[in-house]
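Below, each chain spelled out in residue letters.
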Amino acid sequence: METMNEPNKSWHSQERLKILERAVQSARNGIVITDPKLPDNPIVYANPAFSELTGYSQAEIVGHNCRFLQGADCNQSEIAEVRSAIAEGRSLMTILRNYRKDGTLFWNELSIAPVHDDEGTVINFIGVQNDITARKESDRRVSEFYSMVSHELRTPLSSVRASLGLIDEGSAGDIPSGAKRLVTIALQNAERLLKLVDDILDFKKMETGNLDLNTAIVEPDIIVTSVLSSLSQLAANADIQVIKQINTRKSLCADSDRILQVLINLIANAIKFSPRGSRITVAVKDVGKSMHFAVTDEGPGIAEKDKEKLFLKFHQLDSSDTRPKPGSGLGLAISKTIVELHGGTIGVDSAVGNGSTFWFILPLVPKS
Ligand SMILES: Cc1cc2nc3c(=O)[nH]c(=O)nc-3n(C[C@H](O)[C@H](O)[C@H](O)COP(=O)(O)O)c2cc1C
């Protein structure tokens, strides 16, 4: 097949030019070409999609610098980046607030690139405009939804869980044995829901880069003991023995709540996937300047092909013999982010039929 790079064959340069022009004319993105050799780098070509996007006619566009799309909103920091890229003759992608002829705002994902002649001199710039207003709007709605979830759902849910907890432990007086079982089930489900809401909120923080660490000196033994006590009921219900092996006297500088969260995720997962009557070992040891945490179970193990997917968001492996287990599928993705924020690494060693060891390694002092 002949390509556009083989002009000597049946492709005449006229024909190629015609095709190139038609392609640019038909593109759904705005495309402009400017001439930096002329004063103020004016537009010398704009395709129909650019007119459609901005509402300006060809006569109003050609001969003008693209900045007319900024209206009075010309103090955006991204505009300075565009100016430097043009001055240095390099390409750039950025997002600008632009305004149509009728004054309505649109978010312009703009990419510009220099066009060189045979000597390497910049003779033109090409700009491609992508209207991402709909995407921005849906991001805003999602953000609003998260803050609605956090306020409208989490607060009453916490109070339901706290009240059920008090009833369950007998603080509100004796409850008939038939009702006790129901209260315990309601409490467990309220806890599950709250965990799901917390996972979603953490995940959102993670995506927007707002998951911050509050670091202090942490004793591994204290953390592991606290995690095991909070999971003791879950382990007992699943008839699983959880064994603690602390082989360190060192402490580390970390966010104890977040490390607790990682351990809870790993151990709760291990409990979820382990057969009744089996054992889980939680081991901690120091090696050089880092602390190694490992959660080993006697569960079904994980196939090689599934290992890399494990730490992806919303991921749960199919388990051949059981129904999908409850959970948001976010726990491991969140754990990975927490460990990496500390400058550590997380992973799994496992073979099908031989159980799994989920481990993470944290530096004794996180990198700043
Ligand atoms: C090829 C090309 C396309 C451009 N497209 C746009 C655009 O769509 N919207 C916009 O606000 N600015 C666009 N600009 C940037 C402006 O033309 C101008 O370079 C920018 O406002 C910085 O320069 P100034 O500080 O002199 O205004 C484009 C620039 C080039 C070279």
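Sequence order as written defines residue numbering, which begins from 1 separately in each chain. Per-residue local features of the predicted model are confined to residues with pLDDT of at least 70, and side-chain atom pairs are confined, for both listing and counting, to 80 or more; whole-chain, interface and lining totals are unaffected and use all residues.

**Concerning the nonpolar core**
- For the purposes of this analysis, a nonpolar core is taken to be any set of buried Ala, Val, Leu, Ile, Met, Phe, Trp, Tyr and Cys residues that are connected through C-beta atoms within 7 Å. Whether a residue is buried, exposed or partly exposed follows from its count of other C-beta atoms within 10 Å of its own C-beta, namely 20 or more, 12 or fewer, or something in between, respectively; the C-beta atoms are built from the backbone. Val262, Leu263, Leu266, Ile267, Ala270, Ile280 and Val295 are the most contacted members of the largest nonpolar core, which has 36 residues in total.
- The secondary structure listing takes helices from DSSP runs of H or I that are at least 4 residues long and strands from runs of E that are at least 2 residues long, numbered from the N terminus. Of all the elements in the fold, those that place two or more residues in this core are α7 (220-237), β8 (252-254), α8 (256-273), β9 (279-287), β10 (290-296), α10 (331-341) and β12 (356-363).
- The element contributing the most residues to this core is α8, with eight residues.
- Two residues form a contact once the distance between their C-beta atoms, set from the backbone, is within 7 Å. With residues up to four places along the chain from it excluded, the contact list for leucine 263 reads Ile223, Val224, Val227 and Phe293.
- Val32, Phe50, Leu53 and Leu69 belong to the second largest nonpolar core, which has seven residues in total.

**Observations concerning the confidence of the model for the protein chain**
- Residue-level confidence of the predictor, termed pLDDT, takes values from 0 up to 100. Per-residue pLDDT for the protein chain has a mean of 89; in total, 92% of the residues score no lower than 70.
- Segment residues 317-324 is flagged for pLDDT under 50; beyond a separation of four residues in sequence, or across chains, it makes six contacts in the model.

**Here we look at the packing of helix α6 (residues 177-207) against α10**
- In this analysis, axes come from line fits to C-alpha atoms, helices being fitted only over the stretch in contact, and the angle between any two N-to-C directions falls in the range 0 to 180 degrees. One can describe the packing of α6 onto α10 by two numbers: an axis separation of 10 Å at closest approach and a directional angle of 45°. Relative to α10, α6 is oriented oblique. Note that α6 runs across α10; the crossing there is left-handed. Between α6 and α10, the residues in contact are Asp199, Asp202, Phe203 and Met206 and Gly331, Ile334 and Thr337, respectively.
- Under the convention adopted here, Pro, Cys and the residues Ala, Val, Leu, Ile, Met, Phe, Trp and Tyr are nonpolar, Asp, Glu, Lys and Arg are charged, and Gly plus all remaining residues are polar. Split by residue class, the contact of α6 with α10 holds three nonpolar, two polar and two charged. Small angles under 35 degrees read as roughly parallel and large ones over 145 as roughly antiparallel, with 65 to 115 read as roughly perpendicular and the rest as oblique. Crossing handedness is read from the near helix: turned anticlockwise from the far helix by less than a right angle, it gives a left-handed crossing, and turned clockwise, a right-handed one.

**A word on the sheet that holds β10**
- Strands pair, by our definition, only if DSSP identifies at least two bridges between them. Read across the sheet, five strands follow the order β7-β9-β10-β12-β11 without closing on themselves; strand pairing throughout is mixed. At either margin of the open sheet sits one strand with a lone partner, and together these are β7 (241-247) and β11 (345-350). In this sheet, adjacent strand axes meet at a mean angle of 15° when their direction is disregarded.
- In terms of strand pairing, β7 meets β9 through seven bridges, oriented parallel. The residue bridging glutamine 241 from the neighbouring strand is arginine 279, located in β9.
- The strands touched by α10 within the sheet are β11 and β12, with β11 carrying the most contacts at an inclination of about 130°.

**A few points about the site of the ligand**
- Lining the immediate environment of the ligand, one finds 21 residues, of which Cys66, Arg67, Arg83, Phe125 and Gly127 sit closest.
- Of all the secondary structure elements, the ones that give two or more residues to the shell around the ligand are β1 (30-34), α4 (77-88), β3 (92-99), β4 (105-116) and β5 (122-131). For each residue, a C-beta atom is placed from the backbone, and the residue is labelled near a molecule or strand when this atom is within 6 Å of it.

**Observations regarding the environment of threonine 54**
- With respect to the helices, strands and loops of the structure, threonine 54 is situated in helix α2 (residues 48-54).
- By C-beta crowding, threonine 54 is classed as buried, having 25 other C-beta atoms within 10 Å.
- Ignoring any residue separated from it by four or fewer positions in sequence, one finds threonine 54 in contact with Leu69, Arg100 and Lys101.

**Quick notes on the sheet that holds β3**
- Strands sit in the order β2-β1-β5-β4-β3 across an open sheet of five strands; the sheet is antiparallel. Edge positions in the sheet fall to β2 (43-46) and β3, since each of these pairs with one other strand and no more. Along the sheet, successive strands turn relative to each other by an average axial angle of 30°, direction set aside.
- As paired elements, β3 and β4 share eight bridges and run antiparallel to each other. The residue of β4 that forms the bridge with leucine 96 is asparagine 108.
- Here α4 sits on the sheet in contact with β3, β4 and β5, set at roughly 130° to β3.

**Considering the domain arrangement of the protein chain**
- For the purposes of this description, domain bounds are those given by an automatic or database domain assignment. The assigned domain composition of the protein chain is domain 1 (13-131), domain 2 (136-207) and domain 3 (216-363).
- Between the C-alpha centres of domain 2 and domain 3 there is a distance of 23 Å.

**Section: α4**
- Multiplying one less than the number of residues by 1.5 Å gives the expected span of a helix. Look at α4: 17 Å from first C-alpha to last across twelve residues, which is about the 16 Å you get at 1.5 Å a residue.
- Just downstream of α4, glycine 89 is the residue with a positive phi angle, here 65°.

**Observations concerning α7**
- If you check α7, its first and last C-alpha atoms are 26 Å apart, about what 18 residues at 1.5 Å a residue would give, namely 26 Å.
- Bend is computed residue by residue as the angle between axes fitted to the seven residues ending at the residue and the seven residues starting at it. Of all the bends in α7, the largest measures some 50° and sits at leucine 231.
- Looking only at α7, the buried set comprises Pro220, Ile223, Val224, Val227 and Leu231.
- On its buried face, α7 is in contact with β6 (216-218), β7, α8, β9 and β10.
- Where α7 terminates, the next one or two residues include aspartate 239, which has phi positive at roughly 55°.

**Points about the pairing of β1**
- Burial along β1 is one-sided: Gly30, Val32 and Thr34 are buried, while Ile31 and Ile33, pointing the other way, are not.
- Summarising the sheet, β1 and β5 pair through five bridges and their orientation is antiparallel. Paired with valine 32 across the strands is glycine 127, a residue of β5.
- As paired elements, β1 and β2 share three bridges and run antiparallel to each other. If you follow isoleucine 33 over to β2, its bridge partner there is tyrosine 45.

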